[in-house]
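# Inside the fold
What follows is each chain in one-letter form.
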Amino acid sequence: MALISSATAIDTSITTAIEEMQRANYFTFVMLINMAPSDLIHGNITFLMPNDRTLAKTVMPENMVVDFLLRHSIPSPLFIEHLLHFPTGSLIPTSRPGFVLKITNDGGSRFFLNNVRIISPNICTQGSSIRCHGIDGVVQATSIMPQPNIAPPAACTNNSTGGGSPVAAAPPTAPSPPSSEPSAPVPVKAPPPADANVSPPRSNSPPRICNAGLFDLVMTFFMVFLFI
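Rules used throughout
- Residues numbered from 1 in each chain as written.
- Predicted model: local features only at pLDDT ≥ 70, side-chain atom pairs only at ≥ 80, totals over all residues.
- Heavy atoms only, no water.
- Helix = DSSP H or I, 4+ residues; strand = E, 2+ residues; numbered from the N terminus.
- Contact = heavy atoms within 4.5 Å.
- Disulfide = S-S within 2.5 Å.
- Buried < 20%, exposed > 50% of the residue type's maximum accessible area, 1.4 Å probe, protein only.
- Core = buried A, V, L, I, M, F, W, Y, C linked by side-chain atoms within 4.5 Å.

On to unusual backbone geometry. Here Asn25, not a glycine, exhibits a phi torsion of approximately 70°, which is positive. Along the chain, the position of Asn25 falls in the loop between α1 (2-23) and α2 (27-35).

Set out below in structure tokens:
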């Protein structure tokens, strides 16, 4: 009894939606629904309907009617008030697997799905599970550009026993030339010895500075300080 009641409710909703489409002069779209198999529409759906003038210019073989209806429907009953909650860039699946609608939401009458704009919202409102809106064209596929997979930069490998963190590479600083005027020797405290092992860079790899590079910078600073 529950199944019979549900089927009766769906049939009633389809009949009501068709009557609303006809009152709004979407006769060609109603004809396409009548050409489709009877088990194609199960309720809980939103139709996007091009008007008669647009469909009169559309070449559609009979075996493409089902595909057309699937591309022009969303598997959920949505009023325009629901659709306007979707921000620009949102993707809504259609009843055709793999075919999505990309939203451009500029508010009010500037609501686009792929290449079409909703121009007559909320035509089907009386039924319990079917909604429909008039659009200004035939929905075409929109290319969705995939996000590039950018590999993170490789971390410097540390071969020292200290296990320190990698140090960002810096351009080597050339030592300043010695002054032409003699100056008194300045006592300098030598830095502690470092036993970091420096591995040669691999072929075709950009040079990188890790903990050993920090020692090179200290020695460069020491040489500059020595000649001051």
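There's plenty left to go through after this.
You can see Thr16 is positioned in helix α1. C-alpha of Thr16 to C-alpha of Gly127: the two residues are 111 residues apart in sequence and 5.9 Å apart in space. What Thr16 contacts, discounting residues up to four positions off in sequence, is Gln126 and Gly127.

Here we come to the state of the cysteines. Each disulfide consists of a covalent bond between the sulfur atoms of two cysteine residues. Following the criterion strictly, the structure yields 1 disulfide and no others. Between the sulfur atoms of Cys124 and its disulfide mate Cys132 the distance is 1.8 Å. What sets the handedness of the Cys124 and Cys132 disulfide is the S-S torsion sign, and at about 85° it is right-handed. Taking the relative accessible area as the measure of exposure, Cys124 reaches 0% and is therefore buried. On the accessibility criterion, Cys132 (0% relative accessible area) is buried.

Attention now goes to the nonpolar core. With 23 residues, the main nonpolar core has Met21, Phe29, Ile33, Phe47, Met49 and Leu69 as its most contacted residues. Of all the secondary structure elements, the ones that give two or more residues to this core are α1, α2, β1 (45-50), α4 (65-71), β6 (116-124) and β7 (130-135). Leaving out residues up to four positions away in the same chain, Met21 has contacts with Tyr26, Phe29, Val30, Ile33, Phe47, Met49, Ile123, Cys124 and Cys132.

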